Amino acid sequence: MDALATNWHDRAARLDIRTKAFIDGRYVDAASGKTFEDVSPRDGKVLARVAECDAEDVDRAVASARKAFESGVWRDQHPRDRKRVLLKLAQLIEQNADELALLETLDMGKPIRDSRSIDIPLSARCMQYYGEAIDKLYDEVGPSGPNSMSLILREPLGVIAAVVPWNFPLMMAVWKLAPALATGNSVVLKPAEQSPLTAIRLAELAVEAGLPPGVLNVLPGFGETAGQALGRHMDVDMIAFTGSTEVGKYFMRYSGESNLKRVSLECGGKTPHIVMPDAADLDLAAKNAAGGIFFNQGEVCNAGSRLLVHESIKDEFLAKVVEYGKSWTPGDPLDWNSRTGAMVDDRQHGRVLSYIEKGKAEGAVLKSGGNAARTETGGFYIEPTVFDGVDSGMTIAREEIFGPVLSTLTFRTTEEAFRIANDTIYGLAAAIWTKDLSVAMKAAKTIKAGSVWINCFDAGDITTPFGGFKQSGFGRDKSLHALDKYTDLKSVWIEL
Ligand code: NAP
Ligand code: MG
């Protein structure tokens, strides 16, 4: 990785940024001719002016996606040929990793080391995984008895609209695109307004890889216009959404008020991170408690934002968390040594700071951080912040902050820990540190969450499903299970 450690500032200055919509296999302006400012949170300066798509562009892109789907130009290709295209796309993502990482870092503020060694390589790996799966998927034959035969076939849905957030812009997009394309669908992707640049570039790479025109369209633009138009479109068969619970609920409404399109929702979280007094390695747990909330500026749906520590070890443990937290002090996102960068925009910056004020006002005890940082840069940075003395009723224990703010609660018994863990509208993830196998497995069974980590945090890979219980949403990304939501079952019964 040493060769990667230098020169990012120079390379950023030389970047050639694509800013148009991508419809029917080529870059086009928005029909209205409008553009919007894409600001870099690194310094608050305008990075690019990007095509501002709205309902008319949605119509154009959906029509193109529909035409491509019905023509069979993609879904009717032999599986091994479609496999070749997605594997080539994975390879192109890898080959262009420096450029894509720079775009991601400048656009949304995360450290270049993370975008170059996490976001982009994992996006490539995800594309590769689903590409490799294509020619290994079998349909079913039912147990229909000797005089008949039944086939249970999986068919692609048609036109998928993917609407994604800004915290892992390319990766969240690829988590949707890869399984949707692998199963033969066409896709219209709307990236978040804060971070459209890697999605725009990806469309071009997809065509270079051999994806036929119309199979992937990318529409930068705003949620209320382009996003809503996709949600209400009569010819979109499914919405694959990642974002807030609030907007997830809008998509349910859009579907009900239009064509009953399928909806899958990956929404917010308020992950409990439980530390039992018998944890084997409290230093390791504390390191993970800090990383679990401060990684990616805390802009992670499954961030361990509620630290639940047994009262007997709380002071000792929290001191360690505060100490480890210092290494997550924000720096220049283009500096390879920075572990934390800027909040995505001015609005999110202000929102997080107002949660910190609310925490203080409601009586939580500020142990570290709490302020804006690097204000001289013009960018949107926040210190790693730790609160003690939080109880379950406080706003900072209930609402998703989506920033580097840790709320610490204490418990006396295991039952109490599990009760607090479940005392939330969310159910995305949970973690527990303990040597006691029974307690660990009780946690896994009792806590309502899509992922439970035992003696680790945010662990796993593309082979395990990811998604929520409760108001964290439904439907799963990653693993072979993700293929289910982009397909429908068709039963064929044959009398012999
Ligand atoms: P968001 O505001 O819900 O936006 C997500 C996407 O929806 C964006 O593309 C957005 O467009 C669009 N949108 C916004 N309002 C809309 C509307 N009225 N109609 C249709 N589309 C609309 O979420 P965010 O602030 O970008 O991301 C943070 C949230 O995402 C957090 O709650 C986080 O927990 C969640 N998240 C969840 C996961 C997961 O896998 N569970 C992963 C990452 C993030 P604009 O860009 O114009 O707003
Ligand atoms: Mg931006």
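You'll find the structure just up there.
Residues numbered from 1 in each chain as written. Chains lettered and ligands numbered in written order. Predicted model: local features only at pLDDT ≥ 70, side-chain atom pairs only at ≥ 80, totals over all residues. Heavy atoms only, no water.

Trainee: Would you mind showing me how to read the coordination of the magnesium ion (ligand 2) here?
Mentor: Any two of four tetrahedral donors ideally make an angle of 109.5 degrees at the metal, while pairs among six octahedral donors ideally make 90 or 180 degrees. Distances from the magnesium ion (ligand 2) to its protein donors, Asp38 (OD), Val39 (O), Asp107 (O), Asp107 (OD) and Gln194 (O), fall within 2.1 to 2.8 Å. Read from N- to C-terminus, the donor residues coordinating the magnesium ion (ligand 2) fall into the pattern D-V-x67-D-x86-Q. (Donors = N, O, S within 2.8 Å, 3.2 Å for Na, K, Ca; no water.)

Trainee: Can you help me understand the layout of surface pockets in this one?
Mentor: Using a probe with the size of a water molecule, rolled over the atoms, empty space left in the structure can be pinpointed. Taken as a whole, the largest pocket holds about 1100 Å³ of empty space. Forming the boundary of the largest pocket are 39 residues, of which Trp166, Gly243, Ser244, Val247 and Arg347 lie nearest the centre. For the lining of the largest pocket, the secondary-structure elements that each account for two or more residues are helix H8 (223-232), strand E10 (238-242), helix H9 (245-257) and helix H12 (346-361). In terms of residues, the lining of the largest pocket owes the most to one element, H9, which gives six residues. Per-class residue counts for the lining of the largest pocket are 18 nonpolar, 11 polar and 10 charged. Taken together, domain 1 (3-267 + 473-492) and domain 2 (272-461) each give at least three residues to the lining of the largest pocket, which thus spans both. (1 Å grid on protein atoms, 1.4 Å probe; cavity = no way out; pocket = protein on both sides within 12 Å on 5 of 7 lines; lining within 4 Å. Points joined across faces, edges and corners; volume = space filled by probe spheres on them. Helix = DSSP H or I, 4+ residues; strand = E, 2+ residues; numbered from the N terminus. Nonpolar A, V, L, I, M, F, W, Y, C, P; charged D, E, K, R; others polar. Domains from an automatic or database assignment.)

Trainee: Looking at this structure, how should I read a nonpolar patch on the surface?
Mentor: Together, Val141, Met149, Ile494 and Leu496 line one region of the surface with nonpolar side chains, adding up to about 370 Å² of accessible area. By the secondary structure assignment, Met149 is in strand E6 (residues 148-156). For Met149, a relative accessible area of 35% corresponds to the partly exposed category. (Patch = residues over 30% accessible without salt bridge, like charges linked within 9 Å, V, L, I, M, F, W, Y side chains within 5 Å. Areas by Shrake-Rupley, 256 points an atom, 1.4 Å probe, with all protein chains shown as cover. Salt bridge = Lys/Arg side-chain N within 4 Å of Asp/Glu carboxyl O. Buried < 20%, exposed > 50% of the residue type's maximum accessible area, 1.4 Å probe, protein only.)

Trainee: What should I look at first to understand the nonpolar core in this one?
Mentor: Among the nonpolar cores identified, the biggest contains 99 residues, and Ile93, Tyr130, Leu307, Phe317 and Val321 are the most heavily contacted of them. Residue contributions to this core peak at 11 residues, all from helix H6 (residues 169-182). Counting contributing residues, this core receives three or more from each of domain 1 (3-267 + 473-492) and domain 2 (272-461). Contact partners of Val321, with chain neighbours within four places excluded, come to Ala286, Ala289, Ala290, Leu307 and Leu406. Counting 29 residues, the second-largest nonpolar core is a separate cluster that includes Ile274, Phe380, Phe387 and Ala397. (Core = buried A, V, L, I, M, F, W, Y, C linked by side-chain atoms within 4.5 Å. Contact = heavy atoms within 4.5 Å.)

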